[in-house]
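So the chains spell out like this:
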Amino acid sequence: MSDDPEDRMLGWDESVFRDEHVFEIDWLPETFKHRDTQMETLKYALRPAVRGSRPLNVIARGPPGTGKTTAAQILFDELTAQTDVKTVRVNCQMDSTRYAVFSRLFAEIFDYEPPSSGISFKKLFSQITDKLVEEDEVLVVALDDVNYLFYESEASDTLYSLLRAHEAHSGAKIGVICVSSDLELDVIDALDTRVQSVFRPEEVYFNPYGQAEIADILGERADRGFNEGVVGPTVLDRVAELTEEQGGDLRVGIDLLRRAGMNAEMRASRSVETEDVEEAYDKSKYVHLSRRLRELSDSETALVEVIAAHDGQQAGDIYDAFSEQTDLGYTRYSEIINKLDQLDIIDADYTNVEGRGRSRELTLNYDADAVLERL
Ligand SMILES: Nc1ncnc2c1ncn2[C@@H]1O[C@H](COP(=O)(O)OP(=O)(O)OP(=O)(O)O)[C@@H](O)[C@H]1O
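Residues numbered from 1 in each chain as written. Predicted model: local features only at pLDDT ≥ 70, side-chain atom pairs only at ≥ 80, totals over all residues. Heavy atoms only, no water.

Caption draft 1: Fine view of the overall build of the chain. Scanning the chain from terminus to terminus reveals 18 helices and seven strands. By its C-alpha atoms, the chain is 75 × 65 × 40 Å across when sized along the principal axes. Counting over 375 residues, the chain shows a buried share of 47%. When contacts within the chain are restricted to residue pairs at least 6 apart in sequence, long-range pairs at least 24 apart make up 71% of them. Carbon together with sulfur atoms contributes 43% to the accessible area of the chain, which is approximately 18,600 Å² in total. Each charge sign in the chain was given a centre, from 40 positive and 75 negative side chains, and these centres are 6 Å apart. (Helix = DSSP H or I, 4+ residues; strand = E, 2+ residues; numbered from the N terminus. Buried < 20%, exposed > 50% of the residue type's maximum accessible area, 1.4 Å probe, protein only. Contact = heavy atoms within 4.5 Å. Areas by Shrake-Rupley, 256 points an atom, 1.4 Å probe, with all protein chains shown as cover. Lys, Arg positive; Asp, Glu negative; His and termini not counted. Charge placed at Lys NZ, Arg CZ, Asp CG, Glu CD.)

Put into structure tokens, the structure is as follows:
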């Protein structure tokens, strides 16, 4: 490149990006490095399905953004392309009851939605299992973000129905991959004993990537997404370092690369510099929060707003403020608090309050403005 400053400036018809899509969160990477052991265990568990038998069940655990969904997606794509095994991924943030999970299975298996007038769960269940038996198909279900089924107390019933399908229904063969990013939740322990007695899953742990691994993975993504020479090693290392600081959630790193690229363009620069990364970090570090807030229901969102306005106060007092806005009872209110606590949006710790005994104090885990901006 010449030293003429004009040459280092980006023209209107130019971009630092070669392909911006690779920075979209649901873009499926072509290479999936540093996950060989996890992929091997998953393949081992699913192999019986290829032979027409019931596969082993699996629990895949690990912090957010460590490749759990991607692993399941890659395997499901391979199974669909190369075998007769039927695969369905259910996003339990969206389908968080047993009925909703089975409705999703129905829609994927029959290629049309179950009747909107509503049919009984029993009927929904038997139509699915009958079809599997009739077609002699093995079904593998990935319950992605299964922790949400626990938050709604639907996990035991859902798993019980899936796991007992072969007994209840003349040999329907179903295997389940439970994907959880809630490390405080002990999935097996939290199930009813009747489910525990039939659920002996293989466990696969997705450990957080180290800084060097993050740099390696993101370097590959940067090569695909940016034009040559746009992101140098110093910038990449800084992105990896910040990503590791955020618990190794690769989404933060991917978002950082995209935003830093946009910042460079804003300066009409042909290359991304560390200052672009630092500026991007103010937004990217909240990727996780944004994702969690986006999936909340209206009443859950309303409660987050009220807590933001009364940060650090007692649960009873916050309920008084909340009940002015909604007609939800205290029980439902407590359930929502538990969910927001499990999602790490708030802390709800018991404290001793003089004259009132033990009460929960509700505090936001993030800066209130950052939360309100994203609601
Ligand atoms: N080894 C890897 N190579 C390339 N990209 C990866 C790798 N691991 C994760 N990613 C990317 O990181 C992002 C997050 O991955 P993914 O959604 O699979 O994480 P997750 O563990 O399922 O997260 P969550 O628990 O929050 O749902 C995705 O865009 C994915 O493409």
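Caption draft 2: Local environment of unusual backbone geometry. One non-glycine residue, His34, lies in the positive phi region at around 65°. Here His34 is to be found in the loop between helix H1 (5-8) and helix H2 (36-50). Positive phi values are uncommon outside glycine, yet Asp344 reaches one of about 65°. For Asp344, the position within the fold is in the loop between helix H17 (330-342) and strand S6 (346-353).

Caption draft 3: Inspection of the site of the ligand at higher detail. The environment of the ligand is formed by 22 residues, the closest being Lys33, Lys68, Thr69, Thr70 and Tyr209. The separation between a nitrogen atom of the ligand and a polar side-chain atom of Tyr209 is 2.7 Å. Look at the ligand: alone it shows 630 Å² of surface, and the protein chains cover 96% of it. For the shell around the ligand, the secondary-structure elements that each account for two or more residues are helix H3 (68-82), helix H10 (211-225) and helix H12 (250-266). Of the residues assigned to the shell around the ligand, the class counts are ten nonpolar, seven polar and five charged. Two domains each put at least three residues into the shell around the ligand: domain 1 (5-15 + 209-285) and domain 2 (36-205). (Near = heavy atom within 4 Å. Polar contact = N/O pair within 3.5 Å; in protein donor to acceptor, adjacent residues only side chain to side chain. Nonpolar A, V, L, I, M, F, W, Y, C, P; charged D, E, K, R; others polar. Domains from an automatic or database assignment.)

Caption draft 4: Structural context of the UniProt feature "binding site: ATP" (unreviewed entry) in the chain. In this numbering, the UniProt entry assigns the feature "binding site: ATP" (unreviewed entry) to Thr66, Gly67, Lys68, Thr69, Thr70, Tyr209 and Arg221. By the element assignment, Gly67 lies in the loop between strand S1 (58-61) and H3. A relative accessible area of 13% places Gly67 in the buried class. In this structure Gly67 touches Phe32, Phe206 and Tyr209, once residues within four positions along its chain are discounted. Here Lys68 shows up in helix H3. Those residues in contact with Lys68 that sit more than four places away from it in its chain are Ala60, Arg61, Gly62, Pro63, Val179, Ser180, Ser181 and Phe206. Within polar-contact distance, the side chain of Lys68 engages the backbone oxygen of Pro63 at 2.8 Å. (UniProt positions renumbered as here; feature names shortened; annotations may be inferred.)

Caption draft 5: Region of the structure containing the packing of helix H4 (residues 98-110) against helix H5 (residues 121-135). In the contact formed by H4 and H5, the axes pass within 10 Å of each other and the chain directions differ by 35°. At the point where H4 passes H5, the crossing takes the left-handed sense. Where H4 abuts H5, its residues Arg98, Tyr99, Phe102, Ser103, Leu105, Phe106, Ile109 and Phe110 lie against Phe121, Leu124, Phe125, Gln127, Ile128, Lys131 and Leu132. When the residues that make up the contact of H4 with H5 are grouped by side-chain class, the tally is eleven nonpolar, two polar and two charged. (Axes fitted to C-alpha atoms, helices over the stretch in contact; angles between N-to-C directions. Left-handed = near helix turned anticlockwise from the far one by under 90°.)

Caption draft 6: Focus on the pattern of salt bridges. According to the stated counting rule, one finds 24 salt bridges in the structure shown. Salt-bridge contacts for Arg267 lead to Glu275; the nearest nitrogen and oxygen are separated by 3.7 Å. Judged by relative accessible area, which is 34%, Arg267 ranks as partly exposed. Residue Glu275 is classed as partly exposed on the basis of its relative accessible area of 47%. When salt bridges with common partners are traced through the structure, they connect Glu152, Glu300, Arg332, Glu335 and Lys339 into a single cluster. (Salt bridge = Lys/Arg side-chain N within 4 Å of Asp/Glu carboxyl O.)

Caption draft 7: Region of interest: the packing of aromatic side chains. With the rule as written, the count across this model stands at 15 aromatic pairs. Taking the centre distance of 5.2 Å and the plane angle of 20° together, the rings of Phe17 and Phe226 count as stacked. Of this pair, Phe17 sits in the loop between H1 and H2 while Phe226 sits in the loop between H10 and helix H11 (233-245), and the two are 209 residues apart along the sequence. In this structure Phe17 comes out as buried when scored by relative accessible area, which is 10%. Taken together, Tyr319, Phe322, Tyr330 and Tyr333 form an aromatic cluster joined through their ring pairs. Against the face of Phe121 rests Arg98, its NZ or CZ located 3.6 Å from the ring centre. Its end group placed over the ring of Tyr160, Arg194 keeps NZ or CZ at 4.5 Å from the ring centre. (Phe/Tyr/Trp six-rings, centres within 6.5 Å; stacked < 30°, edge-to-face > 60°. Lys NZ or Arg CZ within 6 Å of the ring centre and 35° of its normal.)

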